[in-house]
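Take a look at the letters that make up each chain.
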Amino acid sequence: MIYTLPELQYGYDALEPYIDAVTMETHHSKHHAGYIAKFNAAISGTELESVQLEDLFAKISTLSPAVRNNGGGFYNHSLFWKLLTPRSNEEDITPKLAAAIEQGFGGLEQFKEEFSTAAVSLFGSGWTWLIKTDEGKLAITTTANQDNPLMDISSVKGKPILALDVWEHAYYLKYKNVRPDYIKAFWKIVNWNQVSEYFEE
Ligand code: MN
């Protein structure tokens, strides 16, 4: 299996002014493409070529750093692009997801605050996640580098339904060192349709 760069469902400039076109183009065509090339190189000719991504993540502690970092980079970004949209609408949150958010966090605003705090507080490069646990509950967690909550090394595990890339390459051109402003902007472009779909499937 050879992994390929997924096309975005919107233009590089579609998320302006929240994420600028140059950042989107570099992030997708250079960073994401780079992870994919290195991931393919790391698995090509090995038995890992025929292993499903989720199964690979489930035993990532036994695999090389190249597979962990670049496999994570491939999956995390592929998910992230789908979770963004220029037509963000909180009314797209389905009743089931709304109920889970209410139960888990006390409401949407409280959830956004808690998720934002986790994203601001994450030291160094990594990701902030909203996951659905095996019990069907919601939880917020963070991972370093290109790790994710599907990996066996993750302290909190579950299926990611919302993701935020807080590597500096995701925001530095526009927001410089002010990560909190990037996180505020993120809420204007969340694809709640997709979050709901991931939660309910
Ligand atoms: Mn990134």
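Since the model is a prediction, treat every value here as computed from it, not as a measurement.

This part is about the overall build of the protein. From N to C terminus, the protein includes eight helices and three strands. The C-alpha radius of gyration of the protein comes to 16 Å, within 12% of the 17 Å expected for a compact globule of 201 residues. Across its three principal directions, the C-alpha atoms of the protein cover 45 × 40 × 30 Å. A buried classification covers 50% of the 201 residues belonging to the protein. Within the protein, contacts between residues separated by at least 24 positions form 69% of all contacts whose residues are at least 6 apart in sequence. Working note: accessible area of the protein is about 9600 Å², and carbon and sulfur atoms make up 51% of it.

Mapping Pro149 onto the fold places it in the loop between β2 (138–144) and β3 (159–165). C-alpha separation for the pair Pro149 and Asp92, spaced 57 residues apart in sequence, amounts to 25 Å. The residues contacting Pro149, other than those within four sequence positions of it, are Trp129, Ile131, Thr141, Thr143, Ser154, Val156, Lys157, Gly158 and Pro160.

The subject of this paragraph is the coordination of the manganese ion. Distances from the manganese ion to its protein donors, His27 (NE2), His77 (NE2), Asp165 (OD) and His169 (NE2), fall at 2.0 to 2.1 Å. Between the donor residues of the manganese ion, the gaps in sequence give the motif H-x49-H-x87-D-x3-H. With His77 in helix α3 (residues 65–82) and His169 in the loop between β3 and α6 (172–175), this pair connects stretches of sequence that are 92 residues apart. As far as the burial class goes, His77 and His169 line up, both buried.

Taken in spatial order, the three strands of this open sheet run β2-β1-β3, and their pairing is antiparallel. Each edge of the sheet is formed by a strand with only one pairing partner; in this case those strands are β2 and β3. The mean inter-strand angle of the sheet, taken between neighbouring strand axes irrespective of direction, is 25°. Taken together, the six bridges between strand β1 (residues 126–132) and β3 define a ladder with antiparallel strand orientation. Bridge pairing in β3 places Leu130 opposite Leu162. Helix α4 (residues 95–105) contacts β1, β2 and β3 of the sheet and is inclined by roughly 75° relative to β2.

Our focus in this paragraph is the pairing of β1. Regular strands place side chains that alternate from one sheet face to the opposite one. Within β1, seven of the seven residues are buried, which leaves it mostly tucked inside the rest of the structure. For β1 and β2, the ladder comprises seven bridges, and the chain directions are antiparallel. What sits directly across from Gly126, in β2, is Ala144. Connecting the antiparallel pair β1 and β2 is a turn made up of five residues, with Gly136 showing a positive phi of about 85°.

Considering the arrangement of structural elements, one finds Lys112 in helix α5 (residues 108–121). For Lys112, a relative accessible area of 11% puts it in the buried group.

What counts, and where the lines are drawn
- Residues numbered from 1 in each chain as written.
- Predicted model: local features only at pLDDT ≥ 70, side-chain atom pairs only at ≥ 80, totals over all residues.
- Heavy atoms only, no water.
- Helix = DSSP H or I, 4+ residues; strand = E, 2+ residues; numbered from the N terminus.
- Rg over C-alpha atoms; globule rule 2.2 N^0.38 Å.
- Buried < 20%, exposed > 50% of the residue type's maximum accessible area, 1.4 Å probe, protein only.
- Contact = heavy atoms within 4.5 Å.
- Areas by Shrake-Rupley, 256 points an atom, 1.4 Å probe, with all protein chains shown as cover.
- Donors = N, O, S within 2.8 Å, 3.2 Å for Na, K, Ca; no water.
- Pairing = 2+ DSSP bridges.
- Axes fitted to C-alpha atoms, helices over the stretch in contact; angles between N-to-C directions.

Honestly, it's all geometry; don't read function into it.
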